[in-house]
Amino acid sequence: FLEQALVRPLNRGNKEHDYLENCVNGIYNEKTVDHSLALNELPSFTLAIKDIKTLEDSPLAQTHKPVFDVFKKLLLRGFTLFAEKRIYSYEHLVSGMIDILAVNGNNEFYIVDWKTNKDPLQFESGYYKKAWNSTRTEKLKTNEWVNKDERMFAPINDLQNCKGSLYTLQLSLYGRLCELWGLKCLGLILCHLRIEVQDKKEIHHDPIFYDISYLSSHIDKILDMQKEKKIKKKKSFRKPLNY
């Protein structure tokens with residue numbers, strides 16, 4: 001599950017990720033971005049957004065107004081926004097990349113993470129029921145959700161085995177790694193930019209924001225297991241002394 005939490009699937013959502021993170025990283029050479037550019041045609045960007053003016057110079061207000069509003073609130077509270085911030089713990093041999101890290105002068109932070117799943121996010125285990133199409137040539141996924149009580153593996157087997165739990169662990173892991181760097185977590189925010197495909201066309205739904213629980217105790221259990229795994233691996237590589 002630790003490896004799963006760090007996996008970033010390669011799909012159509014990558015284009016949306018890149019677009020949003022580039023917007024947050026500031027305006028390249030302080031030039032205004034051409035709003036008519038396609039997502040994959042945006043130029044490279046620089047470091048961070050520290051003020052409202054820089055945010056307003058980005059295309060977010062036109063393309064992702066709810067996301068723009070969230071970022072504006074953070075900036076007004078004195079936070080600086082960083083995109084694609086890499087974090088790691090050498091002690092545990094784990095690393096990750098935070099989509100958006102908002103940090104203030106008191107070393108307090110929020111994490112904002114993008115998800116572009118085509119289905120609504122579920123925070124309980126189960127599946128969407130399938131049904132035959134009108135010609136009974138294939139089964140298609142419906143909107144009917146079927147609950148199924150499946151759990152994560154120990155030592156976090158109190159959690160439902162679902163994408164909601166997986167994403168909660170992912171953001172909690174990022175938060176814990178930031179705390180190991182001396183920062184204080186104020187909150188974890190998941191933004192679902194749902195991209196649904198119908199008749200080979202992409203449908204972009206309005207963003208949905210989730211306040212994610214910070215499961216620091218669960219992450220500590222995982223990190224302890226990872227640390228033990230590292231120690232055992234190190235011992236296995238020791239060569240016997242030759243006398």
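Just above, that's the structure.
What this report covers is the structure whose coordinates are included nearby. A quick note: this is a predicted structure, and the numbers were derived from the prediction, not measured.

## What to know about unusual backbone geometry
For residues that are not glycine, phi is negative in most cases, and the peptide bond is trans in most cases.
Okay, step 1: That bond from A154 to P155 is cis: its omega, 10°, falls within 30 degrees of zero.
Okay, step 2: Phi at R136 is positive, roughly 55°, even though this residue is not glycine.
Okay, step 3: By relative accessible area, R136 is classed as exposed at 55%.

## Quick look at the side chain of H92
Okay, step 1: Mapped onto the secondary structure, H92 falls in the loop between β2 (80-89) and β3 (94-103).
Okay, step 2: The exposure class assigned to H92 is buried, which follows from its relative accessible area of 7%.

## Some remarks on the nonpolar core
Okay, step 1: I98, L101, F109, I111, L169 and C178 are the most contacted members of the largest nonpolar core, which has 27 residues in total.
Okay, step 2: For this core, the secondary-structure elements that each account for two or more residues are β3, β4 (108-115), α6 (163-180), β7 (184-192) and α7 (216-236).
Okay, step 3: Residue contacts for L101: discarding those within four places in its chain leaves T80, L81, F82, K85, F109, Y110, I111 and C178.
Okay, step 4: By size, the runner-up hydrophobic cluster in this structure holds 19 residues, among which are I49, F71, L75 and A83.

## Some points on the side chain of N117
Okay, step 1: Mapped onto the elements, N117 comes out in the loop between β4 and β5 (126-132).
Okay, step 2: At 2.8 Å, the side chain of N117 forms a polar contact with the side chain of Y167.
Okay, step 3: Ignoring sequence-local partners within four residues, the contact set of N117 consists of K163, Y167, H192, R194 and I195.

## Some thoughts on a positive patch on the surface
Okay, step 1: Taken together, K118, K129, K130, R136, K139 and K163 make up a surface patch of like positive charges.
Okay, step 2: Positionally, K130 belongs in strand β5.

## Structural notes on the pattern of salt bridges
Okay, step 1: Going through the model one piece at a time under the given rule, you end up with 10 salt bridges.
Okay, step 2: A salt bridge links E196 to R194, with the nearest nitrogen and oxygen atoms 3.4 Å apart. With respect to burial, E196 and R194 carry one shared label: buried.
Okay, step 3: What emerges from the salt-bridge pattern is a single network uniting R176, E179 and D220.

## Description of the pairing of β3
Okay, step 1: Of all the 10 residues making up β3, 8 are buried; the element is thus mostly covered by neighbouring parts of the structure.
Okay, step 2: Where β2 lies against β3, 9 bridges are found, and the strand directions are antiparallel. Opposite F82, over in β3, you have L101 as the bridge partner.
Okay, step 3: Taken together, β2 and the strand that follows it, β3, pair antiparallel across an intervening segment of 4 residues, in which L93 is found at a positive phi of about 55°.
Okay, step 4: Note: β3 against β4, 4 bridges, orientation antiparallel. Looking at the pairing, A102 lines up with Y110 of β4.
Okay, step 5: Counting the residues that bridge the hairpin from β3 to β4 gives 4 residues, and of these N107 lies at a positive phi of roughly 60°.

Conventions and cut-offs
Residues numbered from 1 in each chain as written. Predicted model: local features only at pLDDT ≥ 70, side-chain atom pairs only at ≥ 80, totals over all residues. Heavy atoms only, no water. Buried < 20%, exposed > 50% of the residue type's maximum accessible area, 1.4 Å probe, protein only. Helix = DSSP H or I, 4+ residues; strand = E, 2+ residues; numbered from the N terminus. Core = buried A, V, L, I, M, F, W, Y, C linked by side-chain atoms within 4.5 Å. Contact = heavy atoms within 4.5 Å. Polar contact = N/O pair within 3.5 Å; in protein donor to acceptor, adjacent residues only side chain to side chain. Patch = residues over 30% accessible without salt bridge, like charges linked within 9 Å, V, L, I, M, F, W, Y side chains within 5 Å. Areas by Shrake-Rupley, 256 points an atom, 1.4 Å probe, with all protein chains shown as cover. Salt bridge = Lys/Arg side-chain N within 4 Å of Asp/Glu carboxyl O. Lys, Arg positive; Asp, Glu negative; His and termini not counted. Charge placed at Lys NZ, Arg CZ, Asp CG, Glu CD. Pairing = 2+ DSSP bridges.

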